[in-house]
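Topology and contacts: notes
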Amino acid sequence: PAREARWCPSVAEAASGAEMVIEAVPDDLELKVTVLAEAAAAAQPTAMLATNTLSMPLGKLAECVRAAAPSFAPRDVVALPPPRVVGLRFLVPVTFIPFVEITLTCDQMEGADREDLLGLLHRLGKSAFQCGVQDASGRGAQEDPSDEAM
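Read on for an overview of the structure. (Residues numbered from 1 in each chain as written. Predicted model: local features only at pLDDT ≥ 70, side-chain atom pairs only at ≥ 80, totals over all residues. Heavy atoms only, no water.)

With that out of the way, let us pick up the layout of surface pockets. What the second largest pocket holds in volume is close to 420 Å³. Around the second largest pocket, the lining is made up of 18 residues, and of these Gly59, Ala62, Thr105, Asp107 and Gln108 lie nearest the centre. Only helix H3 (58-68), strand E3 (84-90) and helix H4 (106-110) provide two or more residues apiece to the lining of the second largest pocket. Here the lining of the second largest pocket takes 6 residues from H3, the largest share from any one element. When the residues that make up the lining of the second largest pocket are grouped by side-chain class, the tally is 7 nonpolar, 4 polar and 7 charged. (1 Å grid on protein atoms, 1.4 Å probe; cavity = no way out; pocket = protein on both sides within 12 Å on 5 of 7 lines; lining within 4 Å. Points joined across faces, edges and corners; volume = space filled by probe spheres on them. Helix = DSSP H or I, 4+ residues; strand = E, 2+ residues; numbered from the N terminus. Nonpolar A, V, L, I, M, F, W, Y, C, P; charged D, E, K, R; others polar.)

Right, dumping it as structure tokens:
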């Protein structure tokens, strides 16, 4: 049932058949990739993979997850679809704050990812405000590309 918490011995079991996986591990690229790749291999093929990171470019994270996910996939799975990695941050206290903060890539703004994410959040009773849009480098789309600080 929706909103039911349960303990699972693995990421794969927790993500099995999920429409959305919400990851909130520390900002360590290897750790995030491992968690999201295992989740991507177990969740629905079109699942949203939500991360709480603000420091890692979503495009780079998605590329790393795509490369790692096949090692977690069942042997009978020939290919996995590209991972749909989005930025998602809940505000505290989660149960009382009716909105969340999202970050998407430029491509996600133009495709179905934005609408699908907003639909899933609506089902959770949450509204969203957009924190930023990242270009391919992970910089905000409105930032000056000559600014090397990230």
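Another aspect to go through is the pairing of strand E1 (residues 20-23). One ladder, built from 4 bridges, connects E1 with strand E2 (residues 48-51); its direction is parallel. Bridge assignment links Val21 to a residue of E2, and that residue is Leu49. (Pairing = 2+ DSSP bridges.)

Turning our eyes to something else, we now look at the sheet that holds E1. Backbone hydrogen bonds are what pair the strands of a sheet, in a parallel or an antiparallel way. Pairing is mixed across the open sheet formed by 5 strands, whose spatial order is E1-E2-E3-E4-E5. The sheet is open, and its two borders are formed by E1 and strand E5 (127-134), each paired with just one other strand. When the angles between neighbouring strand axes are averaged without regard to direction, this sheet yields 30°. Where helix H2 (residues 29-42) meets the sheet, it contacts E1 and E2, and its direction lies at approximately 160° from that of E2. On the sheet, helix H5 (residues 113-123) packs against E1, E2, E3, strand E4 (99-105) and E5 and is oriented at approximately 165° with respect to E4. (Axes fitted to C-alpha atoms, helices over the stretch in contact; angles between N-to-C directions. Contact = heavy atoms within 4.5 Å.)

Turning to the side chain of Glu23, a few remarks are in order. Looking at the element boundaries, Glu23 is found in strand E1. Judged by relative accessible area, Glu23 falls into the buried class, the value being 2%. In this structure the side chain of Glu23 is engaged in a polar contact, spanning 2.4 Å, whose partner is the side chain of Lys32. If near-sequence neighbours (up to four positions away) are discounted, Glu23 is found in contact with Lys32, Val35, Leu36, Ala50, Thr51 and Asn52. (Buried < 20%, exposed > 50% of the residue type's maximum accessible area, 1.4 Å probe, protein only. Polar contact = N/O pair within 3.5 Å; in protein donor to acceptor, adjacent residues only side chain to side chain.)

Now for the pattern of salt bridges. One pass over the full model with this rule turns up 8 salt bridges. Measuring nitrogen to oxygen at the nearest pair gives 2.6 Å for the salt bridge that ties Glu19 to Arg123. With Glu19 in the loop between helix H1 (11-15) and E1 and Arg123 in helix H5, this residue pair connects regions lying 104 residues apart in the sequence. Two residues, Glu115 and Arg114, come together in a salt bridge whose shortest N-O distance is 3.2 Å. A relative accessible area of 27% places Arg114 in the partly exposed class. Sharing partners across several salt bridges, the network here consists of Glu23, Asp27 and Lys32. (Salt bridge = Lys/Arg side-chain N within 4 Å of Asp/Glu carboxyl O.)

Function cannot be read off these values alone, since they describe shape.
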